Amino acid sequence: EFDFAVLPNGMYSQEAFMPAWTAKRGEFDGTIIHSSQYLTTDIAKGKKVLVIGSAKSAIDIAVDTSKISSSPPALLFRGAHWCTPLKLFGFIPYQHIFLSRFGQALV
């Protein structure tokens, strides 16, 4: 049982994609939003949150809602996604290390 569901499937896409099954709610009477609609924590405050997805937006929203939801948020996803940092040690761009000949030599 959840009160609030977030679909983080592309925060920076041109239009928010909502799967067809979101219209067929069944017994779910909570709120379903796209990640682009998640602007403040007030929308999830005190609710039991389900975040559908495992990419960067999903993790960001799960961490954010964990501070204000009634219980720890649940993540629902098909397969694990390996999130990589933008910078290693806070200053070395990730792609300069792992997407170069030097990085290939490490493997």
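For the structure, check the block above.
In this text the structure is predicted, and so the values were computed from the model without any measurement.

Draft legend 1. Up close: the environment of Gln95. With respect to the helices and strands, the residue Gln95 is situated in helix α2 (residues 94–98). For the pair Gln95 and Thr84, spaced 11 residues apart in sequence, the C-alpha to C-alpha distance is 9.8 Å.

Draft legend 2. Focus on the layout of surface pockets. The space that makes up the largest pocket amounts to roughly 270 Å³. As for the largest pocket, its lining consists of 11 residues, of which Leu7, Ile52, Gly53, Leu76 and Arg78 are closest to the centre. Of the residues assigned to the lining of the largest pocket, the class counts are 8 nonpolar, 2 polar and 1 charged.

Draft legend 3. Summary view of the nonpolar core. Listed in full, the 10 residues of the largest apolar core are Phe4, Val6, Ile33, Tyr38, Ala44, Val49, Val51, Ala58, Ile61 and Ala62. Of all the secondary-structure elements, those providing two or more residues to this core are β1 (4–7), β3 (49–52) and α1 (56–66). For this core, the element with the highest residue contribution is α1, accounting for 3 residues. If sequence neighbours within four positions are ignored, Ile61 has contacts with Val6, Pro8, Ser35, Tyr38 and Val51.

Draft legend 4. Structural detail: the side chain of Ser69. Along the chain, the position of Ser69 falls in the loop between α1 and β4 (74–76). Note on Ser69: relative accessible area 14%, which makes it buried. Among the polar contacts made by the side chain of Ser69, one reaches the main-chain carbonyl oxygen of Ser71 at a distance of 2.6 Å. Look past the residues within four positions of Ser69 in its chain and what remains in contact with it is Ala44, Gly46, Lys47 and Val49.

The rules behind each value
Residues numbered from 1 in each chain as written. Predicted model: local features only at pLDDT ≥ 70, side-chain atom pairs only at ≥ 80, totals over all residues. Heavy atoms only, no water. Helix = DSSP H or I, 4+ residues; strand = E, 2+ residues; numbered from the N terminus. 1 Å grid on protein atoms, 1.4 Å probe; cavity = no way out; pocket = protein on both sides within 12 Å on 5 of 7 lines; lining within 4 Å. Points joined across faces, edges and corners; volume = space filled by probe spheres on them. Nonpolar A, V, L, I, M, F, W, Y, C, P; charged D, E, K, R; others polar. Core = buried A, V, L, I, M, F, W, Y, C linked by side-chain atoms within 4.5 Å. Buried < 20%, exposed > 50% of the residue type's maximum accessible area, 1.4 Å probe, protein only. Contact = heavy atoms within 4.5 Å. Polar contact = N/O pair within 3.5 Å; in protein donor to acceptor, adjacent residues only side chain to side chain.

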